[in-house]
2 protein chains.
Amino acid sequence: MLKEKASIIPHECGDCPIRHRAVCARCESDELEVLDQIKYYRSYESGQTLIWSGDPMDFVGSVVSGIATLTQTMEDGRTQMVGLLLPSDFVGRPGRNSAAYDVVAVTDMVMCCFRKKPFEEMMARTPHIAQRLLEMTLDELDAAREWMLVLGRKTAREKIASLMAIIARRDATLNMNGTRGPLVFDLPLTREAMADYLGLTLETVSRQVSALKKDGVIELEGKRRVTVPDFNRLLEEAGDDSDGGMLI
Amino acid sequence: MLKEKASIIPHECGDCPIRHRAVCARCESDELEVLDQIKYYRSYESGQTLIWSGDPMDFVGSVVSGIATLTQTMEDGRTQMVGLLLPSDFVGRPGRNSAAYDVVAVTDMVMCCFRKKPFEEMMARTPHIAQRLLEMTLDELDAAREWMLVLGRKTAREKIASLMAIIARRDATLNMNGTRGPLVFDLPLTREAMADYLGLTLETVSRQVSALKKDGVIELEGKRRVTVPDFNRLLEEAGDDSDGGMLI
DNA sequence: GACCCGCATTGATTTAAATCAACCAACCCT
DNA sequence: AGGGTTGGTTGATTTAAATCAATGCGGGTC
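Residues numbered from 1 in each chain as written. Chains lettered and ligands numbered in written order. Predicted model: local features only at pLDDT ≥ 70, side-chain atom pairs only at ≥ 80, totals over all residues. Heavy atoms only, no water.

With that settled, the discussion passes to the overall build of chain A. The number of helices and strands found in chain A is 7 helices and 11 strands. Over its C-alpha atoms chain A spans a radius of gyration of 19 Å, differing by no more than 12% from the 18 Å that the globule rule assigns to 248 residues. With the C-alpha coordinates aligned to their principal axes, the bounding extent of chain A is approximately 55 × 45 × 40 Å. Classification of the 248 residues of chain A by burial places 52% in the buried group. For chain A, the computed accessible surface area is about 11,900 Å², with 50% contributed by carbon and sulfur atoms. Counting 31 positive and 38 negative side-chain charges, chain A places the averaged centre of each group 3 Å from the other. (Helix = DSSP H or I, 4+ residues; strand = E, 2+ residues; numbered from the N terminus. Rg over C-alpha atoms; globule rule 2.2 N^0.38 Å. Buried < 20%, exposed > 50% of the residue type's maximum accessible area, 1.4 Å probe, protein only. Areas by Shrake-Rupley, 256 points an atom, 1.4 Å probe, with all protein chains shown as cover. Lys, Arg positive; Asp, Glu negative; His and termini not counted. Charge placed at Lys NZ, Arg CZ, Asp CG, Glu CD.)

Dropping the structure here:
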């Protein structure tokens, strides 16, 4: 559990790994220089809660590396994940002062942060940032609506298959894996986190993962490493149009 | 079913009923004049499908009056509503060419439309529009995430109570009804549409509406007119923090 | 008035997933 | 090497909601 912090952290926007996908993607080099001035990095450990729902939020930022979840919790403890934050995803809402959801790191992670006030001022002066943020927000809205179909209408088996398909697809785009051949990826989530994502119990998740494995839809190496021999088969199991709308 | 069309349709942005809430809310009068030039009105009848998922979208627009639903459908017919469009809500996504969801009118309605291309050009030149659209999209994203909790973790009874609470709240803000006293509103949706919203069957919806009525949480006049004697009681039934975060 | 028709309700039965309950296997400590 | 902890699996039973099936009701129309 030893941390070596600042060493691995990039300091120049120029060689930032999320440069072309994050909220700054559209910025010109002069705009980037300004951002460079006001940004700072923070790192978090796996399991750490970055932000508590209801707390005042004095910064916004981008996930540079690692994964976090956005969750809502009811008084009696029932929890629902409402977002999965991967590298380049944006955290926080300009124009709002308190956090609406818990943000929890599921792996060690690094964030590129901006104090909210200067960022908002910069946003007002820099249409490129607002444009990109709008685009990202619209994408997130689409993802949320896709997820509403999963939560509202799919069976447990279809839910698991849908989650696998989503993670496989994200992994493929992130790592620029070519399209053909069996897909291999690591599940970033525990069974419990998967259950919170899908509106299931962890027992049901475990059973359905086993069932998909028994039926040859997926292969498992350990608990986390998944191989998908036939992506279209997985999409069928997910109840999706299996037109194979692969990548982007 | 007789229609008298253009007569009731406003023609000047100045006296538009959604002027202060729609995508044009932040526009100055000179910007409004430009919009005035490129806008046009369309009206639709109850039950009509405005837009089919997958179809090319050559316009965007705002709901002026009436209500529409955004729905997703699986091949086998299971459907999930993913949005409820009320007056001032925006339809369509700049930067995308084909529709992602079906849009269906549930009442007669009037839309204020813009051809997509000119609107996109205008948006690039007019930060006020992009700013407002970002704000509206962030609000929709919050609503979608709220809904994910409802779909994923709430019981049938809580789902119905949540829906009633949402409609009551929206109705109150729209009609500027003062806060205290019993709330009265009309359900804009059939039992089947409510079921599609909530990820339930229409039978379960009917049973739970009856149960809430029997328990005095709501009162019914006919099938559609609802009275809520105690809003906090309703929020408790919805499983929400009953801090009574009323209005806005 | 008699007949539909679309919506809604209510009842009986089935079923998918939750719940309750053991048990397993890595991994980590000192 | 032993004991604890965390995450995962598997089995037995219960339960909430789906499904299957009548029946009710208000508003049109012929």
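This brings us to the nonpolar core. Grouped together as the largest cluster of nonpolar side chains are 114 residues, with contacts concentrated most on A:Met164 and B:Met164. Setting aside anything within four residues of it in sequence, one finds B:Met164 in contact with B:Phe185, B:Leu187, B:Met194, B:Val209, B:Ile218, B:Val226 and B:Leu234. Of all hydrophobic cores here, the second largest spans 50 residues; its members include A:Cys27, B:Cys27, B:Leu35 and B:Val110. (Core = buried A, V, L, I, M, F, W, Y, C linked by side-chain atoms within 4.5 Å. Contact = heavy atoms within 4.5 Å.)

This part takes up the sheet that holds strand β4 (residues 68-73) of chain A. Pairing is antiparallel in the open sheet, where 4 strands are placed in the order β2-β7-β4-β5 (chain A). Each edge of the open sheet carries a strand with a single partner, namely β2 (49-51) and β5 (79-85) of chain A. Strand-to-strand twist of the sheet, defined as the mean angle between neighbouring strand axes without regard to direction, takes the value 35°. Pairing between β2(A) and strand β7 (residues 102-105) of chain A: 2 bridges, direction antiparallel. Note on β7(A): the bridge partner recorded for A:Ile51 is A:Val103. Against the sheet, helix α3 (residues 127-153) of chain B engages β4 and β5 of chain A, with an angle of about 135° to β5(A). (Pairing = 2+ DSSP bridges. Axes fitted to C-alpha atoms, helices over the stretch in contact; angles between N-to-C directions.)

Attention now goes to the protein's contact with DNA strand D. Contacts to DNA strand D come from 17 residues, most closely from A:Arg191, A:Ser206, A:Arg207, B:Ala156 and B:Thr204. In DNA strand D, atoms within 4 Å of the protein come 63% from sugar and phosphate. A:Ser206 is positioned with one of its side-chain polar atoms (N or O) 2.8 Å from a phosphate oxygen of DNA strand D. Between a phosphate oxygen of DNA strand D and a side-chain N or O atom of B:Thr201, the distance comes to 3.1 Å. Where the surface near DNA strand D is concerned, the elements lending two or more residues are α6 (202-214) of chain A together with α6 (202-214) of chain B. Its residues assigned to classes, the surface near DNA strand D comprises 3 nonpolar, 7 polar and 7 charged. (Near = heavy atom within 4 Å. Polar contact = N/O pair within 3.5 Å; in protein donor to acceptor, adjacent residues only side chain to side chain. Nonpolar A, V, L, I, M, F, W, Y, C, P; charged D, E, K, R; others polar.)

A separate point is the packing of aromatic side chains. Going through the model one piece at a time under the given rule, you end up with 6 aromatic pairs over all chains. With centroids separated by 4.3 Å and ring planes inclined at 45°, the aromatic side chains of B:Trp147 and B:Tyr197 adopt a geometry described as tilted. With a gap of 50 residues between them, B:Trp147 in helix α3 and B:Tyr197 in helix α5 (residues 191-198) connect regions that are remote in the sequence. With respect to class, B:Trp147 is no different from B:Tyr197; both count as buried. Note that A:Arg42 overlies the ring of A:Phe59, its terminal NZ or CZ placed 6.0 Å from the centroid. (Phe/Tyr/Trp six-rings, centres within 6.5 Å; stacked < 30°, edge-to-face > 60°. Lys NZ or Arg CZ within 6 Å of the ring centre and 35° of its normal.)

Here we come to the domain arrangement of chain A. The figure often quoted for interface size is the accessible area lost as the parts come together. All names here are of chain A. According to the domain assignment, chain A contains domain 1 (8-148) and domain 2 (154-237). Computed from C-alpha coordinates alone, the two centres of domain 1 and domain 2 are separated by 26 Å. Here domain 1 meets domain 2 over a buried area of about 1,200 Å², counting both sides, of which 69% is carbon and sulfur. Considering only the surface of domain 1 that becomes buried against domain 2, Met81, Leu84 and Trp147 emerge as the three largest contributors, covering 50% of it. One can count 1 salt bridge joining domain 1 with domain 2. (Domains from an automatic or database assignment. Buried area = accessible area lost by both parts, 1.4 Å probe. Salt bridge = Lys/Arg side-chain N within 4 Å of Asp/Glu carboxyl O.)

On to the relation of the copies chain A and chain B. Once turned by 180° and shifted 0.0 Å along the axis, chain A lies on chain B with an RMSD of 0.0 Å. Here the symmetry operator amounts to a two-fold rotation axis. Looking at the interface residues of chain A, 100% of them are also at the interface in chain B, so both copies use one shared face. (Least-squares fit on C-alpha atoms with pLDDT ≥ 70 in both.)

The next point concerns helix α4 (residues 156-174) of chain A. Residue and element names in this part refer to chain A. Compared with the 27 Å implied by 1.5 Å per residue over 19 residues, the 27 Å span of α4 between its first and last C-alpha is a close match. Looking at α4, one finds that the buried residues are Ala156, Glu158, Lys159, Ile160, Ala161, Ser162, Leu163, Met164, Ala165, Ile167, Ala168 and Ala172. Tucked into the core, α4 has its buried residues touching α3 (127-153), β9 (183-186), α5 (191-198), α6, β11 (225-228) and α7 (231-237). (Expected span 1.5 Å × (residues − 1).)

Moving on: the interface of chain A and chain B. Taken together, the contact pairs 42 residues of chain A with 42 residues of chain B. Around 3,900 Å² of area is buried between chain A and chain B when both sides are counted, 54% of it from carbon and sulfur atoms. Ranking the residues of chain A by area buried against chain B places A:Arg145, A:Met148 and A:Arg153 at the top, with a combined share of 20%. Here chain A is connected to chain B by 12 salt bridges. Notably, a salt bridge pairs B:Arg96 with A:Asp142, separated by 2.5 Å at the nearest N-O pair. Put simply, chain A and chain B have 27 residue pairs in polar contact (both at pLDDT 80 or more) between them.

Assignment of secondary structure puts B:Glu237 in helix α7 (residues 231-237). By relative accessible area, which is 16% here, B:Glu237 ends up buried.

Phi is mostly negative for residues that are not glycine, and the peptide bonds are mostly trans. Backbone geometry places A:Ser88, a non-glycine residue, at a positive phi of 90°. Mapped onto the fold, A:Ser88 is located in the loop between β5 and β6 (90-91).

Residue and element names in this part refer to chain B. In spatial order, the strands read β9-β11-β10; together these 3 strands make up an open sheet with antiparallel pairing. At either end of the open sheet lies a strand with only one pairing partner, and these are β9 (183-186) and β10 (219-221). On average, each strand axis in the sheet is inclined to that of its neighbour by 25°, with strand direction left out of account. In this sheet, strand β11 (residues 225-228) lies alongside β9 in antiparallel orientation, the contact comprising 4 bridges. Its bridge partner being in β11, Leu183 is matched across the sheet by Val228. In the packing of helix α4 (residues 156-175) onto the sheet, the strands contacted are β9 and β11, and the crossing angle to β9 comes to about 100°.

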